[in-house]
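Close look at the chain arrangement
Chain by chain, the residues run as shown.
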Amino acid sequence: MLIDGVPVRLHKGDIENPDFRVLRRLPFEIEAEQEQLAFSYFDPKWFWRIVVEPDLDMSVLRIVILQYSTSGDYRNLWEIPLSAPISTIAPVVHTPQEGIMLDEPQVAPKIDRTKKAAGNERK
Amino acid sequence: MKGNKKPFYGAKLRLSRTFKGFTLAELGEQLTTSRQYLQRLESDQDSPSEDMLLALSEALSVTPGFFFEPLSGEVSEEECHFRKLKTTPSNLRIRALSYGTIFNMLLTYLEKYVDFPEIKMPSIKVRTRDDVERAAEKRRMAWGLRLDAPIKNVTRTLECFGCVITTFEGISEKIDAFSYHRSRPIIVRSLEKGSSSRARFDLAHECGHLVMHNDLEVGNPELEDQANQFAGAFLLPRTAFIHEFPKSVRLNWTELFRLKQRWGVSVQAIIRRAYDLRLLNAVQYRNANVYISRNGWRHGEPPETEPSFENIRVLPAAYEVMQANHSYSVQDIAKDLCIQPSILENFGFIKSNTAF
């Protein structure tokens, strides 16, 4: 996606140890005008990423906007403050679930609770 | 009856008359008496003679004792949410309310002998459309329905969490359903319309009123809109619906009917839900509705696409308890309530296969 014309890619993984896919840049990304993000200088070695770091159960630990260098260094790391915990990441592929049928409603003879209470009192 | 120690309650005559759908003039004609005389009886200005009392009882399917017990638990218009309040003639509304009042008599009676399911329908205050959406999601989650799967049986779901559902027929198709709170939440639903998908939507709509509009003044059209939105959100949760709604430039009606069969919701309601969630723009929404009208689906969608009819279960189960544990027959119950057994049939109490 583009933010103010600057290509920003979203990926999921370990923020401090990006793998080669994270660092791979497409030609149009390289050619883009990255300085448009209002920084005082433009360095073509650095590029922007939004990274979602999940736990083993896929719950979100943090979401960060940062710059990576082609060698895997990072800087300008900004963690997006979350107002509420994100439980899971919505799956890209939706698997339709079977319909839910509840058990039959329970209807039973009335229990005379007043008699029971009286019995307890006598004890 | 003149000379009877107990007073004759005119309100009970009015109740039984409106329950049967008679005007004063029609009942007067049937009993060869004047409308004015019946009006005097109803306003407690006169008491009937013995032969008139017997005639009234027979014509109104009650026993004479019915008129000598005071009216209690009357259901008033101020506590019921009618979907088409403005277009429903008042005589039909009054008749529907009398159904509610007589049903209350039956329910109060049954509650002396039967433990109904625990009520788990807490009130949720809403203001915005997002509040309504969340209220429906909250109910689904609390009731173990998840947000990604259809509800197979809406009737059973509501019954499981303390709602009592009863039915009526023979009034008018102008009244789909109405709901109110008494000792427990009650939904009264018409059997006039044959569509099971719409019946499911009606129940979800009334569930919306019961959850969101307890203690609010009825008759506000905004509340009806909220209840419709609740029904859409309850039956078609947004996350799953957005995933499953067919994504194409032109509407794919085969896919829409497939979606209907999976979720048990009419195509009309699916289209509306898609519009509310901005999956369709105003032009697409209008064109879809024109297409629905041209195919005659507004008055009934293809029967083969309709979900299975849903049986009410709580009332027949209550009767089974009365039979098994107290050896009460329908006649015994009717006698205690001073009504004819035929009236009990109206509520889906006896017929264990009452379905809609």
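Residues numbered from 1 in each chain as written. Chains lettered and ligands numbered in written order. Predicted model: local features only at pLDDT ≥ 70, side-chain atom pairs only at ≥ 80, totals over all residues. Heavy atoms only, no water.

1. Brief notes about the overall build of chain A
Helix and strand content of chain A: three helices and seven strands. Of the regular secondary structure in chain A, the N- to C-terminal order runs β-β-β-α-α-β-β-β-β-α. Every one of the 123 residues in chain A was classed for burial, and the buried ones make up 28%. (Helix = DSSP H or I, 4+ residues; strand = E, 2+ residues; numbered from the N terminus. Buried < 20%, exposed > 50% of the residue type's maximum accessible area, 1.4 Å probe, protein only.)

2. Examining the overall build of chain B
For chain B, the helix and strand inventory stands at 16 helices and four strands. Overall size of chain B, expressed as C-alpha extent along the three principal axes, is 80 × 45 × 40 Å. Taken across its 356 residues, chain B has 54% of its residues classed as buried. Long-range pairs, those at least 24 residues apart, make up 70% of the contacts in chain B between residues at least 6 apart in sequence. Put simply, chain B has 48 plus and 44 minus side-chain charges, and the middle of one group is 6 Å from the middle of the other. (Contact = heavy atoms within 4.5 Å. Lys, Arg positive; Asp, Glu negative; His and termini not counted. Charge placed at Lys NZ, Arg CZ, Asp CG, Glu CD.)

3. Points about the state of the cysteines
Tallied over the full model, the rule gives zero disulfides over all chains. This cysteine, Cys-163 of chain B, is not joined by any disulfide, and Cys-207 of chain B carries the nearest cysteine sulfur, 7.3 Å off. (Disulfide = S-S within 2.5 Å.)

4. Regarding the sheet that holds strand E3 (residues 177-181) of chain B
All names here are of chain B. On the basis of which strands lie adjacent, the open sheet formed by three strands has the order E2-E4-E3 and mixed pairing. Each of the sheet's edge strands pairs with one partner strand only, and the pair in question is strand E2 (164-168) and E3. The mean inter-strand angle of the sheet, taken between neighbouring strand axes irrespective of direction, is 20°. Across five bridges, the pairing between E3 and strand E4 (residues 185-190) is antiparallel. Counted as the bridge partner of His-181 is Pro-185 from E4. (Pairing = 2+ DSSP bridges. Axes fitted to C-alpha atoms, helices over the stretch in contact; angles between N-to-C directions.)

5. A closer look at the domain arrangement of chain B
Residues and elements named next belong to chain B. Domain boundaries assigned for chain B yield domain 1 (10-68) and domain 2 (75-356). Centre-to-centre, using C-alpha coordinates, domain 1 lies 34 Å away from domain 2. Taken residue by residue, the interface counts 11 residues in domain 1 and 15 residues in domain 2. Overall, the association of domain 1 and domain 2 removes approximately 1,100 Å² of surface from exposure, summing both partners, and the carbon and sulfur fraction of that is 73%. At the boundary of domain 1 with domain 2, the tally comes to zero salt bridges. Our count for the domain 1 to domain 2 interface comes out at four residue pairs in polar contact (both at pLDDT 80 or more). (Domains from an automatic or database assignment. Buried area = accessible area lost by both parts, 1.4 Å probe. Salt bridge = Lys/Arg side-chain N within 4 Å of Asp/Glu carboxyl O. Polar contact = N/O pair within 3.5 Å; in protein donor to acceptor, adjacent residues only side chain to side chain.)

6. Here we look at the environment of Leu-279 of chain B
Position of Leu-279 of chain B relative to the elements: it lies in the loop between helix H12 (267-276) and helix H13 (282-294). In this view, Leu-279 of chain B contacts Phe-241, Ile-242, Phe-245, Ala-274 and Gln-284 of chain B; residues no more than four positions away in its chain are not counted.

7. Some thoughts on the packing of helix H8 (residues 196-212) of chain B against helix H9 (residues 221-235) of chain B
Residues and elements named next belong to chain B. At a minimum axis distance of 8 Å, the contact between H8 and H9 shows a crossing angle of 115°. Relative to H9, the crossing made by H8 is right-handed. Contacts from Arg-200, Phe-201, Ala-204, His-205, Cys-207, Gly-208, His-209, Val-211 and Met-212 in H8 reach Leu-223, Glu-224, Gln-226, Ala-227, Asn-228, Phe-230, Ala-231, Gly-232, Phe-234 and Leu-235 in H9. Partitioning the contact of H8 with H9 into residue classes produces 11 nonpolar, six polar and two charged. (Left-handed = near helix turned anticlockwise from the far one by under 90°. Nonpolar A, V, L, I, M, F, W, Y, C, P; charged D, E, K, R; others polar.)

8. Looking at the interface of chain A and chain B
Each side of the interface is counted separately: chain A has 20 residues, and chain B has 32 residues. Between chain A and chain B lies a buried interface of about 2,200 Å² when both sides are counted; carbon and sulfur atoms form 60% of it. Interface area lost by chain A to chain B is led by Ile-100, Leu-102 and Val-107 of chain A, which between them contribute 30%. There are three salt bridges connecting chain A and chain B. For Arg-156 of chain B, the salt bridge goes to Glu-104 of chain A, with nearest N and O atoms at 3.6 Å.

9. Section: H12 of chain B
Residue and element names in this part refer to chain B. Among the 10 residues of H12, seven are classified as buried, and the element is accordingly described as predominantly covered. Regarding H12, the residues found buried are Val-267, Gln-268, Ala-269, Ile-270, Ile-271, Arg-273 and Ala-274. Looking at the packing, one finds that the buried side of H12 touches helix H6 (129-142), H8, H9, helix H10 (238-244), helix H11 (253-263) and H13. Where H12 terminates, the next one or two residues include Arg-278, which has phi positive at roughly 60°.

10. Looking at helix H3 (residues 35-42) of chain B
Residue and element names in this part refer to chain B. Taken together, the buried positions of H3 are occupied by Tyr-37, Leu-38, Leu-41 and Glu-42. An end-on view of H3 places all buried positions within 140° of arc, on one side of the element. Those residues of H3 that are buried are in contact with helix H1 (10-20), helix H2 (24-30) and helix H4 (50-59). At the exit of H3 stands Asp-44, carrying a positive phi of roughly 60°. (Arc of directions from axis to C-beta.)

11. Quick word on the side chain of Ser-69 of chain A
Residues and elements named next belong to chain A. Take Ser-69: it is sitting in strand E5 (residues 60-69). Judged by its relative accessible area of 4%, Ser-69 falls in the buried class. Apart from residues no more than four positions distant in its own chain, Ser-69 is found in contact with Leu-23, Lys-45, Trp-46 and Phe-47.

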